[in-house]
Amino acid sequence: MQNVDEKHGSLIWISGATEGIGLGLARNVPYASARIVNLSRRPHPDFESVFLDLADPGSWDGIGAHFTDSLTRFGGSRAIFIQNAHMKGMTGFLGEVPPDDYARDITANMVAPLRLGEMFLRAVGQSGYAGEAGLVMMSSSSARSPTIGQTVYCAGKAALEMWVRVARRELAMRERHDVWVTAVRPGFVDTPLTRHVAAMADSDYPIASQMRKQMEQGIGVMDIDTAARQIWAALPTDQSLLSFGEQVQR
């Protein structure tokens, strides 16, 4: 018989918890006695880490197995997976980005989030876990705003939000009232990814200079801890989308 984890009241997986919003979410978890697991290419110095490379489908099955094994042995009241990780993609105009890089961007930032979300929900069912189970899929205002230079990013976030809406309806039809699923648009947050795209030329990413201006002046931009606390305060939720502002003021 497998050992049951009775030490932790909450089990929290956060992909990409080594920087950006993921780091803020990890260090602001509001639950006492929580087991926090970072899913990332880099280990977290303070939390348990499991290797995940969004661009390498060969690493995804290990995450699914980790979900199932951990939930099977978990005796706490709450299990949450936050799919936050994002590979810095190839921002640029369609047809001008190297084809291999573009294909990798699709795999990492469109396919991987949906596959990981499905793995978590499947693991909840297969493990027999009977507590509260929550899935948070990190989205963006780019799900509805066609941002020039980010075809994959915009399409991926739009697909993610529709996936959440359908998943919620399917769970309701199966009367899985113990499971909640939501997408989150966190707003304009100062992260390494934000700074990466803000440093680009306007000719490749037309809102880059506006982003730099807002970040320099502190207009409408949050730090990662403020954004994380805001998100945690809104969970759990019965809403399909939680929105905390726009990516950039234009």
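The structure we're discussing is the one just above.
Residues numbered from 1 in each chain as written. Predicted model: local features only at pLDDT ≥ 70, side-chain atom pairs only at ≥ 80, totals over all residues. Heavy atoms only, no water.

**Some remarks on the environment of Gly92**
No. 1: Within the fold, Gly92 resides in the loop between strand 4 (78–83) and helix 3 (99–127).
No. 2: For the pair formed by Gly92 and Ala172, sequence separation is 80 residues and the distance between their alpha carbons is 39 Å.
No. 3: Ignoring sequence-local partners within four residues, the contact set of Gly92 consists of Val97, Gly149 and Asp204. (Helix = DSSP H or I, 4+ residues; strand = E, 2+ residues; numbered from the N terminus. Contact = heavy atoms within 4.5 Å.)

**A closer look at the pattern of salt bridges**
No. 1: Taken as a whole, this structure holds 12 salt bridges when the rule is applied.
No. 2: As a salt-bridge pair, Glu19 and Arg42 come within 2.9 Å of each other at their nearest N and O atoms. Placement of Glu19 in the loop between strand 1 (10–15) and helix 1 (20–27) and of Arg42 in the loop between strand 2 (34–40) and strand 3 (48–51) is noted, with a sequence separation of 23 residues between them.
No. 3: In the salt-bridge network here, residues are joined through shared partners; they are Glu19, Arg42 and Lys88. (Salt bridge = Lys/Arg side-chain N within 4 Å of Asp/Glu carboxyl O.)

**Topic: the packing of aromatic side chains**
No. 1: Taken as a whole and assessed by the stated rule, the structure comprises seven aromatic pairs.
No. 2: Where Phe67 meets Phe120, the ring centres are 5.5 Å apart and the plane angle is 80°; that geometry is what we call edge-to-face. Here Phe67, found in helix 2 (residues 60–73), pairs with Phe120, found in helix 3; they are 53 residues apart in sequence, far enough to count as distant.
No. 3: Taking the relative accessible area as the measure of exposure, Phe67 reaches 0% and is therefore buried.
No. 4: Seen in terms of ring centroids, Phe81 and Phe120 are 5.8 Å apart; in terms of plane orientation they differ by 50°. Their pairing is tilted. With Phe81 in strand 4 and Phe120 in helix 3, this residue pair connects regions lying 39 residues apart in the sequence.
No. 5: Residue Phe120 is classed as buried on the basis of its relative accessible area of 0%.
No. 6: Through successive ring pairs, a cluster of aromatic residues spans Trp13, Phe67, Phe81 and Phe120. (Phe/Tyr/Trp six-rings, centres within 6.5 Å; stacked < 30°, edge-to-face > 60°. Buried < 20%, exposed > 50% of the residue type's maximum accessible area, 1.4 Å probe, protein only.)

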